[in-house]
Amino acid sequence: MDGGQQVANRWIRCTATSGHGNQTLRKALENSCNPALIQLGQRVKSETFYKYLNAFGLFEKTGIDLPSEGTSSFWTEKDVGPVELATMSFGQRFTITPMQLVKAVSAIANDGVLVTPHVVKQIENPDTGTTQDVVTNEIRQVISKETANTMTDIMKSVVEEGGGKYAKVKGYSIGGKTGTSEPDPNHPENGYVASFLAIAPADNAKIVTLLTLYGPQSSNYYGGSIAAPAVSQILSEVLPYLDIPSSDSGNDNNQDLITVPNVQNRTLAEAQRILTGVGLEYSSSASSDQIVTEQVPKSGNKLPSKSVIKLYTAENDSRVSTSVPNLKGITLAQARIMLRAKNLNISSTGSGIIIAQDPKEGTQVDEGTIINVSLQETTGATQH
């Protein structure tokens, strides 16, 4: 590509004004090369282009269970000329809703099957404990599984080698695509729209994430530069929260455990330094010069980093009792958050979803107590 493409009476440029040279489709998407995508649109032609826009559900509402859903705006096919087809080929001069885009890309993550999005996955009755699953409605097979896998692999390349490099998340394979839309000629005051869309983990998708910035107040308005880093930060927190293992940790939930040191008979200030020095946290109402007489958990226990050690002194020995929550059916990351809010610790075996816990739900225990949980992998369809 030489930096632009002549279409009818228009010269449509690429962001790389010097061009990219000859490119494969993979490289063209890595580079978000407008001329390459224009040429692809010219080969596909408007009839086939519109066929797939329709197949991916972009001409209709998604059917999500929310009120007042918006929809898209496209030229009618008969009004699509060479310039319109060219600009649509690289994502300009039409509008779709964020949910329509997420639904369409979720089909790629879902082996080519388009599904109806839902707000919730499951409804639980707190009085009876019964649950009702929200059924995934498969609409149609839009593209083959093989094509979906190819597109996912190309999206991985966008993050690993192309314009989406700032969306990388350590330990996870991420697939993505940058988005940068010019201002609507009829409403230039609205400014640019920068976005980044990600599939994660790309090799076994569980999440599709879209972040859109409207009218960014920056001279750098490209999605790969300002939206991709935010998506990286979001996924770096969401993926561990959902207990999706990273390549750094495998499936061993208790790797890199810290042996709790003995801080008894030391001043609280000394105990604090020792605990924080090994990656643990502490909780105490005593003053820094008082001597620690007891710690919970005791020394020798092995705990994940940032676990809380409760410290007592002779002057401040009052105990705080708390109720053990129900942890069954949730991920390890979710359980850690629930227990941390109560100053409780966790020790786990297995991977997947928690199937057993000790002490059981409702048991009154002192802060700092270790709750032991067992996890097991589950099978089932994933909604994107």
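Everything below is about the structure printed above this text.
**Student:** Would you take a moment to explain the pairing of strand E8 (residues 193–200) for this structure?
**Tutor:** Both faces of the sheet carry side chains from a regular strand, because those side chains alternate between them. For E8, a buried count of 7 out of 8 residues is recorded, marking the element as mostly surrounded by other parts of the structure. Pairing of strand E7 (residues 175–181) with E8 involves 7 bridges; the strand directions are antiparallel. Across the sheet, Ser-181 pairs through a bridge with Val-193, a residue of E8. Two strands pair when backbone bridges link them, and E8 and strand E9 (residues 207–214) are joined in this way by 8 bridges, in the antiparallel orientation.

**Student:** Before we go on, may I ask you to explain a nonpolar patch on the surface in this structure?
**Tutor:** Together, Leu-66, Val-119, Val-120 and Ile-123 make up an exposed nonpolar region whose accessible area comes to about 340 Å². With respect to the element layout, Val-120 can be found in the loop between strand E3 (113–115) and strand E4 (122–124).

**Student:** What is the right way to read the packing of helix H2 (residues 34–55) against helix H3 (residues 82–89) from this model?
**Tutor:** How two helices sit against one another is set out by the angle between their axes and by the gap between those axes. One can describe the packing of H2 onto H3 by two numbers: an axis separation of 8 Å at closest approach and a directional angle of 90°. Judged by the inter-axis angle, H2 sits roughly perpendicular to H3. When H2 is examined against H3, the residues Leu-37, Ile-38, Gly-41, Gln-42, Lys-45, Ser-46, Phe-49, Tyr-50 and Leu-53 are found in contact with a partner set consisting of Leu-85, Ala-86, Met-88 and Ser-89. When its residues are assigned to classes, the contact of H2 with H3 shows 8 nonpolar, 4 polar and 1 charged.

**Student:** How should I be thinking about H3 in this particular structure?
**Tutor:** An α-helical turn contains 3.6 residues, so any two residues separated by three or four positions project in the same direction. In terms of burial, H3 is largely enclosed, as 6 of its 8 residues are buried. Every buried residue belonging to H3 is among Val-83, Leu-85, Ala-86, Thr-87, Met-88 and Ser-89, and all of these are buried. Where the residues of H3 are buried, they touch strand E1 (4–7), strand E2 (10–13) and H2. Trailing H3 by a residue or two, Gly-91 shows a phi angle of about 90°, which is positive.

**Student:** Looking at this model, I keep getting lost on the environment of Lys-156. Mind explaining?
**Tutor:** For Lys-156, the location among the structural elements is in helix H5 (residues 145–160). Overall, the relative accessible area of 14% leaves Lys-156 in the buried class. In this structure the C-alpha to C-alpha distance between Lys-156 and Glu-146, which are 10 residues apart in sequence, comes to 15 Å. With residues up to four places along the chain from it excluded, the contact list for Lys-156 reads Ser-173, Ile-174, Gly-175, Gly-176, Ala-202 and Asp-203.

**Student:** So what exactly am I meant to see when it comes to the pattern of salt bridges here?
**Tutor:** Pairing between side chains of opposite charge can happen when the charged atoms of each approach one another. Counted under the stated rule, the structure contains 10 salt bridges. In this structure, the salt-bridge partner of Glu-30 is Lys-27, at a minimum N-O distance of 3.1 Å. With Glu-30 and Lys-27 both in helix H1 (residues 25–31) and 3 residues apart, the pair spans about one turn of that helix. Of the charged contacts in the structure, one is a salt bridge between Glu-281 and Arg-340, with a shortest N-O distance of 2.5 Å. Residue Glu-281 is located in strand E11 (residues 281–283), and its partner Arg-340 is located in helix H9 (residues 332–340); the two are separated by 59 residues in the primary sequence. Residue classification places Glu-281 among the partly exposed positions, given a relative accessible area of 27%. Each of Glu-294, Asp-317 and Arg-319 takes part in one network of salt bridges that share partners.

Conventions adopted
Think of each chain on its own: its residues are numbered from 1, step by step along the sequence as written. Local features are withheld for residues below a pLDDT of 70 in this predicted model, meaning they are given only at 70 or higher, and side-chain atom pairs are given and counted only at 80 or more; totals for whole chains, interfaces and linings count all residues. With hydrogens and water excluded, all non-hydrogen atoms of the structure serve as input to the side-chain values. Here the term buried applies to any residue with accessible area under 20% of the maximum for its type, exposed to any over 50%, and partly exposed to those in between, with areas from a 1.4 Å probe on protein chains only. Starting at the N terminus, helices and strands are each numbered in turn, a helix being any DSSP run of H or I of at least four residues and a strand any DSSP run of E of at least two. Think of it this way: DSSP has to see at least two bridges between two strands before they count as a pair. Nonpolar side chains (Val, Leu, Ile, Met, Phe, Trp, Tyr) within 5 Å and like charges within 9 Å form the patches, drawn only from residues with over 30% relative accessible area and no salt bridge. With residues, only the protein chains shown are counted as cover, and all accessible areas are computed by Shrake-Rupley using a 1.4 Å probe. Salt bridge, as applied in this entry: a Lys or Arg side-chain nitrogen positioned within 4 Å of an Asp or Glu carboxyl oxygen. Every axis in this analysis is a line fitted to C-alpha atoms, fitted for helices over the stretch in contact. Angles between the N-to-C directions lie between 0 and 180 degrees. In what follows, roughly perpendicular refers to angles from 65 to 115 degrees, roughly parallel to angles under 35, roughly antiparallel to angles over 145, and oblique to any angle outside these ranges. What makes two residues a contact is simply this: any of their non-hydrogen atoms within 4.5 Å. In this classification, the charged set is Asp, Glu, Lys and Arg, the nonpolar set is Ala, Val, Leu, Ile, Met, Phe, Trp, Tyr, Cys and Pro, and all remaining amino acids, among them Gly, are polar.

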